[in-house]
Amino acid sequence: KTAIHFHVYYPDIFEAYLPKLQIPDSHYDLYITTDSDDKKEKILNILNMGVPLSGKTEIVVVPNRGRDVLPWIMLSDKLRHYDVVGHFHTKKSLSAPAWFGAAWLKETMDSLIDPMPLILKTFENNPEIGIVFPDIPLLFKTKMGLLTLDKSWAIVIQLWKRLGCHKKIELNMLKTLIMPYGTMFWYRPDALKPLMEYGFSLEDFPPEPFPTGGTLAHAIESIVVY
């Protein structure tokens, strides 16, 4: 039983990627979050013009906080009833040239949506797998350098303790984090129970303009694999 959560802050990007979601023989329910009624109407128009998707579709308007992370967590009561969930969003990197965010998003989508049938079959055949996420984006490997804890170190450790995680991990010994750059991945809700059931509030996430690091959203991105 499969669901996809897609946080749509930029409807134009969602429209461009909607055809990728129309995969033959892949049945799933689609949950869309966005931050205004106007965007909800735009998304409805986009869906109505496209090819019908395989399962039910639900659109939820949420506060503009925590980028894609808080909207995703706010749907945890709905998503926990599925065996596997895909989490995606309409990423743009406004602090960098437009091509940077577009290349990062394309690489991520190519890694996660195009092989969707194979990924779901992998989950089905391997019950111990809890999360599937892309390789480190090529731009970071070749141009930007790998992400480290730096600004997020204190809040990552604080979050780990708040969640009551018992797995022993020497986070301070890691040279680079194994993480889904951009917070997009497939996962089993059972694997992320401590995170999804914690009960974060709106006040846990700073308002826009959003910093480039050091927030709870960045900390969640950093530890979701662990």
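Residues numbered from 1 in each chain as written. Predicted model: local features only at pLDDT ≥ 70, side-chain atom pairs only at ≥ 80, totals over all residues. Heavy atoms only, no water.

Student: Mind laying out the pattern of salt bridges, listing which residues take part and the relevant values?
Tutor: A side chain of one charge can pair with a side chain of the opposite charge when the charged atoms of the two come close. Evaluated as defined, the whole model comprises nine salt bridges. Between Arg67 and Glu208 there is a salt bridge; the shortest N-O distance is 2.7 Å. On the criterion of sequence distance, the pair formed by Arg67 in the loop between β3 (57-61) and α3 (69-74) and Glu208 in the loop between α9 (193-196) and α10 (216-223) is long-range, its members being 141 residues apart. For Arg67, a relative accessible area of 39% corresponds to the partly exposed category. Overall, Glu208 belongs to the partly exposed group, its relative accessible area being 33%. Here Lys106 and Asp110 are joined by a salt bridge, their closest N and O atoms 2.7 Å apart. (Salt bridge = Lys/Arg side-chain N within 4 Å of Asp/Glu carboxyl O. Helix = DSSP H or I, 4+ residues; strand = E, 2+ residues; numbered from the N terminus. Buried < 20%, exposed > 50% of the residue type's maximum accessible area, 1.4 Å probe, protein only.)

Student: Lay out the side chain of Glu221 with the relevant residues and their values.
Tutor: Looking at the secondary structure, you find Glu221 in helix α10. For Glu221, the residues in contact, after removing those within four places along its chain, are Met179, Pro180, Tyr181, Gly182 and Thr183. (Contact = heavy atoms within 4.5 Å.)

Student: Describe the nonpolar core, with residues and values.
Tutor: Grouped together as the largest cluster of nonpolar side chains are 37 residues, with contacts concentrated most on Trp72, Tyr187, Phe200 and Ile220. Mapped by element, the contributors of at least two residues to this core are α3, α8 (153-162), β6 (185-187), α9 and α10. The biggest single contributor to this core is α10, with five residues. When neighbours within four sequence positions are excluded, Tyr187 is seen to be in contact with Trp72, Leu79, Asp83, Val84, Val85, His87, Phe123, Gly130, Ile131, Leu192 and Met196. Counting residues in hydrophobic clusters, the runner-up holds 30 residues, among them Ile59, Phe88, Leu105 and Ile119. (Core = buried A, V, L, I, M, F, W, Y, C linked by side-chain atoms within 4.5 Å.)

Student: Please set out α8 residue by residue, giving values where relevant.
Tutor: Every α-helix carries 3.6 residues per turn, so stepping three or four residues along brings you back to the same face. Buried residues of α8: Ile155, Val156, Leu159 and Trp160, and no others. Considered in projection along α8, the buried side chains sweep an arc of 140° and stay on one side of the axis. Opposite the buried face of α8, at more than 90 degrees from it, the exposed residues are Ala154 and Lys161. Positive backbone phi, at 70°, marks Gly164, one or two positions downstream of α8. (Arc of directions from axis to C-beta.)

Student: Could you give an account of the sheet that holds β6, naming the residues involved and the relevant values?
Tutor: If you trace the six strands from one edge of the open sheet to the other, you get β3-β2-β1-β4-β6-β5, paired in mixed fashion. Sheet topology places β3 and β5 (131-132) at the edges, where each strand pairs with a single neighbour. Looking at chain direction, β5 and β6 are connected through two bridges and run antiparallel. In the sheet register, Ile131 faces β6, and the bridge partner there is Tyr187. Of the strands in this sheet, β2 (29-34) and β3 are in contact with helix α2 (residues 37-49), which crosses β3 at around 165°. (Pairing = 2+ DSSP bridges. Axes fitted to C-alpha atoms, helices over the stretch in contact; angles between N-to-C directions.)

Student: Explain the pairing of β2 to me, and be specific about the residues and the numbers.
Tutor: Counted residue by residue, β2 has six buried out of six residues, so it is predominantly covered. Across the two faces of β2 the burial is the same, with Asp29, Tyr31 and Thr33 and Leu30, Ile32 and Thr34 all buried. Two elements, strand β1 (residues 2-7) and β2, share five bridges in a ladder whose sense is parallel. If you follow His5 over to β2, its bridge partner there is Tyr31. Between β1 and its parallel partner β2, the chain crosses via helix α1 (residues 11-21), and the hand of that crossover is right-handed. As defined by bridge partners, β2 adjoins β3 across five bridges and the pair is classed as parallel. For Tyr31, the partnering residue across the bridge sits in β3 and is Glu58. (Right-handed = clockwise from strand over helix to strand, strands pointing away.)

Student: Explain the environment of Gly66 residue by residue, including any values.
Tutor: Here Gly66 lies in the loop between β3 and α3. Looking at Gly66, the relative accessible area reads 0%, which means it is buried. On a C-alpha basis, the gap between Gly66 and His218 in space is 9.4 Å, while along the polypeptide they are 152 residues apart. Leaving out residues up to four positions away in the same chain, Gly66 has contacts with Pro71, Phe205, Pro206, Phe210 and Ala217.

Student: Describe the packing of α1 against α2, and please don't skip the residues or the numbers.
Tutor: At a minimum axis distance of 10 Å, the contact between α1 and α2 shows a crossing angle of 15°. Here α1 is positioned roughly parallel relative to α2, judged by the angle of their axes. The two elements α1 and α2 meet at a crossing, and its hand is right-handed. For the pair α1 and α2, the contacting residues are Pro11, Phe14, Glu15 and Leu18 in the first and Lys39, Lys42, Ile43, Ile46, Leu47 and Met49 in the second. (Parallel < 35°, antiparallel > 145°, perpendicular 65-115°, else oblique. Left-handed = near helix turned anticlockwise from the far one by under 90°.)

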